[in-house]
Amino acid sequence: MWEFETDPEYQADLDWADRFVRDEVEPLRYVLPHALDRDERWHALVPPLQRQVKERGLWATHLGPDLGGPGHGQVKLALLNEILGRAPIAPMIFGCSAPDSGNAEILAHYGTDEHKAKYLQPLLDGEIFSCFSMTEPQGGSDPKEFTCSAVLDGDEWVINGEKWFSSNARYASFLIVMVVTEPDAAPYQRQSMIIVPSDTPGINILRNVGHSFGGAPGQGTHAYIRYENVRVPKENMLGGRGNAFVVAQTRLGGGRIHHAMRTVGMAQRALDLMLERAVSRRTQGELLSKKQLVQEMIADSWLDLEQFRLLVLRTAWRIDRYQDYKRVRGDISGVKAAMPGVLHRIASRALQVHGSLGITEEMPFMDMISNAYHLGLADGPTEVHKVTLARTLLSGATPAPGLFPTMHIPAEREAALAKYADVLARTGNG
Ligand SMILES: Cc1cc2nc3c(=O)[nH]c(=O)nc-3n(C[C@H](O)[C@H](O)[C@H](O)COP(=O)(O)OP(=O)(O)OC[C@H]3O[C@@H](n4cnc5c(N)ncnc54)[C@H](O)[C@@H]3O)c2cc1C
């Protein structure tokens, strides 16, 4: 069955979320310096909103009842995330922000009962934040280049090495760190995942890197970390020795599509603003909306957005249907590869239609464009995902049976003439 409608009960929840994000969440960007900085003002403003979300039953909706969520699945989360994409802080207020949602998935799959009580539960309750520490300064796209290591010493792992762009490390209560533990094994079995509590001695944040747009040096949130003789209990390993790649896929699959769902919301916002501007601003005695080149920008943006939205929803549906990230890996990579371009193109057109105002810090377009670049790198660059998608497609392809391709017209014509030979003989050549 094919459906393009939301059931009325969930639509009422979405309408509530839409109002709530507009009235209560979006204004927070002007009063909270950073979404995760739990200062006095944060405590006064954020937990009461999180309580309202929980009361409405929209907290961590992607999680099943076993983990305290309603188990709405990815399609419903996609629709909700379109709304949350309008405000960077909204996912945290709805209990589905990265990297916490992915780290929670890892802990739910691979954590012991003790890990679940100590790290997973407070994470799910929104009481703590976490960090995923994988990329290294000398190599990000290819994890086989990583060298940060952990060596077993009695009952403890001793970690040494550097990690780069560990987002939110400064606010995290624990980090999940990818480390080489089996240096002599095959490349994909060399590394493991380990939980490192943030207060462990030897975690040295060399600097917090920010983005080029906005923010003073040192105010960034992507940590360059040197782990120096960091000791953690050997039980802190997740998923067994040498299984880091398997564990990483558990978290990155969901995370990538969650970003895409929110990107739909962000791009929709840019398109809405473009439409408003087109019917507000006049030039040469008429509205911008009368100019055909502006109309083309609007039409192209809608086409970009709707194709992408359908791809995201279809991929979410396939995740819910198969419950197997491996089976939808190609789809997720496709979404991930398409996402930066869609946002970049739509935000750029919206900026252009706003003229000089569009390029200023008084409008959100440059932030959106900057965000498009983040999306093209975080969780792996676009190029790597295109390769994954292409390989998935190629794995289902079979070579042509002969010298010429299957749909070679002379061969098809010959087969058709043979198939209908008696009819052709009866009806003549005409
Ligand atoms: C906003 C943001 C948040 C992030 N958060 C985290 C985090 O929390 N934790 C974490 O561990 N990491 C994080 N990262 C890091 C991210 O995972 C890496 O940036 C990414 O994996 C790319 O690695 P790199 O930056 O070292 O680029 P490189 O590996 O140096 O790649 C540079 C470029 O080379 C090209 N390239 C690479 N591989 C291929 C290929 N196979 N084929 C063709 N071209 C290729 C691409 O153009 C790529 O952009 C974050 C990044 C960003 C931007």
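Structure's up top.
Given the structure is predicted, the values throughout are model-derived calculations rather than measurements. Note that residues are indexed from 1 along each chain, following the sequence as it is written. Only residues with pLDDT of at least 70 get local features here, since the model is predicted, and only at 80 or more are side-chain atom pairs given and counted; chain-wide, interface and lining totals rely on the full set of residues. The basis for every side-chain value is the complete set of non-hydrogen atoms in the structure, without hydrogens or water.

Draft legend 1. Local environment of the overall build of the chain. Put simply, DSSP H or I for four residues or longer makes a helix, DSSP E for two residues or longer makes a strand, and each gets a number counted from the N terminus. Tallying secondary structure elements over the chain gives 14 helices and 10 strands in all. Three exposure classes are used, based on accessible area relative to the maximum for each residue type with a 1.4 Å probe and protein chains only: buried under 20%, partly exposed in between, and exposed over 50%. Per-residue burial over the chain gives 46% buried out of 430 residues. At a minimum sequence separation of 6, the contacts of the chain that also span at least 24 residues come to 71%. Every accessible area reported is derived by Shrake-Rupley at a probe size of 1.4 Å, with residue values counting cover from the shown protein chains alone. Per element, the accessible surface of the chain, about 22600 Å² overall, is 54% carbon and sulfur. Taken as two groups, the 45 positive and 52 negative side-chain charges of the chain have centres that lie 4 Å from each other. Only heavy atoms enter the contact rule, under which two residues are in contact if any of them lie within 4.5 Å. Charge counting follows a simple rule: Lys and Arg are positive, Asp and Glu are negative, and His as well as the terminal groups are ignored. Working definition for charges: the position is that of NZ of Lys, CZ of Arg, CG of Asp or CD of Glu.

Draft legend 2. Layout of the side chain of T221. Tracing the chain through its elements places T221 in the loop between strand 6 (203–209) and strand 7 (222–233). For T221, a relative accessible area of 12% corresponds to the buried category. Filtering out sequence-adjacent residues up to four positions away, T221 remains in contact with H34, S166, S167, N168, A169, R170, Y171, N208 and V209.

Draft legend 3. Quick look at the pairing of strand 4 (residues 174–180). The buried count for strand 4 comes to 7 of 7 residues, which makes it a mostly enclosed element. Residues F174, I176, M178 and V180 point to one face of strand 4 and L175, V177 and V179 to the other, with burial holding for every one of them. As paired strands, strand 1 (residues 130–133) and strand 4 are joined by 4 bridges and run parallel to one another. Each bridged residue has a counterpart across the sheet, and for C131 the counterpart in strand 4 is L175. For two strands to be treated as a pair, DSSP must find no fewer than two bridges joining them.

Draft legend 4. Representation of the packing of helix 1 (residues 8–25) against helix 3 (residues 73–84) within the structure. Orientation is described by axes fitted as lines to C-alpha atoms, over the contacting stretch for helices, and by angles from 0 to 180 degrees between their N-to-C directions. Helix 3 packs onto helix 1 with a crossing angle of 20° between their chain directions and a minimal axis gap of 9 Å. For the element pair helix 1 / helix 3, the angle class is roughly parallel. Crossing angle aside, the handedness with which helix 1 passes helix 3 is right-handed. Here helix 1 contributes Y10, L14, A17, D18 and V21 to the contact with helix 3, which in turn contributes K76, L77, L79, L80, I83 and L84. Note on residue categories: nonpolar means Ala, Val, Leu, Ile, Met, Phe, Trp, Tyr, Cys or Pro, charged means Asp, Glu, Lys or Arg, and polar means any other residue, Gly included. Classifying every residue of the contact of helix 1 with helix 3 gives 9 nonpolar, no polar and 2 charged. To sort the angles, those under 35 degrees are grouped as roughly parallel, those over 145 as roughly antiparallel, those from 65 to 115 as roughly perpendicular, and the leftovers as oblique. When the near helix sits turned anticlockwise from the far one by under a right angle, the crossing is termed left-handed; a clockwise turn instead gives a right-handed crossing.

Draft legend 5. Representation of a nonpolar patch on the surface in the model. Patches here are clusters of residues that have more than 30% relative accessible area and form no salt bridge, with a 9 Å joining cutoff for like charges and a 5 Å cutoff for nonpolar side chains (Val, Leu, Ile, Met, Phe, Trp, Tyr). By convention in these notes, a salt bridge is any Lys or Arg side-chain nitrogen within 4 Å of a carboxyl oxygen on Asp or Glu. Residues L417, Y420, V423 and L424 make up a contiguous nonpolar surface patch of roughly 340 Å² in combined accessible area. Here L424 is to be found in helix 14 (residues 421–427).

Draft legend 6. Spatial organisation of the environment of I369. For I369, the location among the structural elements is in helix 11 (residues 365–375). Its relative accessible area of 11% is what places I369 among the buried residues. Through-space distance from the C-alpha of I369 to that of A104 is 29 Å; in sequence the pair is 265 residues apart. Sequence-distant contacts of I369, defined by excluding residues within four places in its chain, comprise H344, A347, S348 and L351.

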